Amino acid sequence: MFSKGFSLSLVSVLALGASVAQAQTTWTFGGINPPNAPVTIASKKFAELVGERTEGRVTIDFYEGSQLGNGPAQIEAMAMGAQEGYISSGSNASNLVKEFGVVDIPFVFESQDHFLKFMESDLAQGLKDELRDDYNVRILATNWFRLPRVFLTKESCVTSPADIEGKRARSPNLPMFVAGWESIGTVPVTMAYGETYMGLSQGVADMAESAGEQIYSSKFYEVLPYVTDAQMMYPQNSVYVAESAFQSISEEDQAIVIQAAEDAGDYFVELVTAETAPNKAAMEAEGVTFCDMPADVRAEFSAKVSESVPEFEDEGLLPEGWWAEIQAMK
């Protein structure tokens, strides 16, 4: 026969176990884009899906518009465990693992399919593993596909590399992005995303680039009204989470979080697709000029970049032999 004291102790243990099982976890996630940007809207959708599907066991507080700092600051905060998550460019991871900057090499990928082959390759998987194992940052989803990066200029569209030779180009503070701008003849000017509109308005830079879906929400076109579809890069957003935070939740909730990140990525693509035509029409109505870049001109840019590959390798930005391997994936 159990004693009364044992029974009370057993009840206490069971109650404690139930409390732990039902414990709520709150994560702080950040982004750098304005409220009306598709990536911000989709990030809030991700937070909503996680809360609903975990029945409140995991709650995500999402802070938009660089409220938690610029991209490099946020991803470094995750590495230190000071912030649980971040949703933005897939190349932001290059602040921790430099080789992630390969996706920022201009004109290295011939098409979206070419880029996706790289993202699904053993080369890319190795980078993801290093980011998780050595820097406490796990990538939950990479299917937040954006529109190709365009050139934004002030006086005319870009018809050849000579058109941008020596121009000051706004660049995020990412080593490969800076080196890439230099490889095609421009002078990179590093500027946080949230400061770019003001910097362009003040003439700190002569030109910029942008993922196609961000031209409208960023309003960069108000300062740089010529948009050249250079397909400079084929960017995507990644959903990052601190590995320590991810491991603190149950396997069931881990699976839910991963699926929510992927589903929000599909939602992001839907938003981008739906907004592309009307946003372009709205900008054209305000006097913006859109131009295509012929394949032979893109080839000229790619040839210029290839000349800098030895420098990229010497600086540790690109592993030796990767350029050739990526080209073989076409």
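For the structure itself, look to the data block above.
Residues numbered from 1 in each chain as written. Predicted model: local features only at pLDDT ≥ 70, side-chain atom pairs only at ≥ 80, totals over all residues. Heavy atoms only, no water.

## Section: the packing of aromatic side chains
We describe a pair of aromatic rings using the distance from one ring centre to the other and the angle between the two ring planes. Applying the stated rule across the entire model yields 13 aromatic pairs. Directly above the aromatic system of tyrosine 267 lies the positively charged group of lysine 45, at a separation of 5.6 Å from the ring centroid. The ring centre of phenylalanine 290 lies 5.2 Å from the NZ or CZ of lysine 280, which sits over that ring. (Phe/Tyr/Trp six-rings, centres within 6.5 Å; stacked < 30°, edge-to-face > 60°. Lys NZ or Arg CZ within 6 Å of the ring centre and 35° of its normal.)

## Re the nonpolar core
Ranked by size, the top nonpolar core spans 67 residues in total, and within it Phe118 and Phe151 carry the most contacts. Membership of the second largest hydrophobic core comes to 29 residues, among which are Phe29, Leu140, Val257 and Val272. (Core = buried A, V, L, I, M, F, W, Y, C linked by side-chain atoms within 4.5 Å. Buried < 20%, exposed > 50% of the residue type's maximum accessible area, 1.4 Å probe, protein only.)

## Observations concerning the state of the cysteines
Here the structure, examined in full by the defined rule, presents one disulfide. The disulfide that involves cysteine 157 links it to cysteine 291, with 2.1 Å between the sulfurs. Taking the torsion about the sulfur-sulfur bond, which here is approximately 75°, the covalent link between cysteine 157 and cysteine 291 counts as right-handed. Remark: cysteine 291 occurs in strand S11 (residues 289-292) and cysteine 157 occurs in the loop between strand S5 (149-153) and strand S6 (168-171); sequence separation between them is 134 residues. (Disulfide = S-S within 2.5 Å. Helix = DSSP H or I, 4+ residues; strand = E, 2+ residues; numbered from the N terminus.)

## What to know about the environment of serine 66
Inspection of the secondary structure assignment puts serine 66 in the loop between strand S2 (58-63) and helix H3 (71-79). As a C-alpha pair, serine 66 and glycine 194 span 128 residues in sequence and 6.8 Å in three-dimensional space. Leave out the neighbours within four places in its chain, and serine 66 touches Gly31, Ile32 and Gln74. (Contact = heavy atoms within 4.5 Å.)

## So, unusual backbone geometry
Across the chain, the bulk of peptide bonds are trans and the bulk of non-glycine residues have phi less than zero. Positive phi, close to 55°, is recorded for glutamate 55, a residue that is not glycine. Within the fold, glutamate 55 resides in the loop between helix H2 (38-53) and S2. You can call glutamate 55 exposed: its relative accessible area is 70%. Despite not being glycine, glutamine 231 has its phi angle at roughly 50°, a positive value. Of note, glutamine 231 is situated in the loop between strand S9 (226-229) and strand S10 (236-242).

## Comments concerning H2
With 16 residues, H2 extends 22 Å from end C-alpha to end C-alpha; this agrees with the ideal 22 Å at 1.5 Å per step. Turning to H2, its buried residues are Pro38, Val39, Thr40, Ala42, Ser43, Phe46, Ala47, Leu49 and Val50. Among the structural elements, strand S1 (25-30), S2, strand S3 (85-89), strand S4 (137-145), S10 and helix H10 (251-285) are those in contact with the buried residues of H2. Glutamate 55 lies just past H2 and shows a positive phi near 55°. (Expected span 1.5 Å × (residues − 1).)

## Considerations on the sheet that holds S2
With mixed pairing, the five strands of this open sheet are ordered in space as S2-S1-S3-S10-S4. Of all strands in the sheet, those bounded by a partner on one side alone are S2 and S4. This sheet shows a mean twist of 25° between the axes of neighbouring strands, independent of strand direction. Note that S4 and S10 share six bridges and pair antiparallel. What sits directly across from valine 137, in S10, is alanine 242. Here H2 sits on the sheet and contacts S1, S2, S3, S4 and S10; the angle it forms with S2, its principal contact strand, is near 165°. (Pairing = 2+ DSSP bridges. Axes fitted to C-alpha atoms, helices over the stretch in contact; angles between N-to-C directions.)

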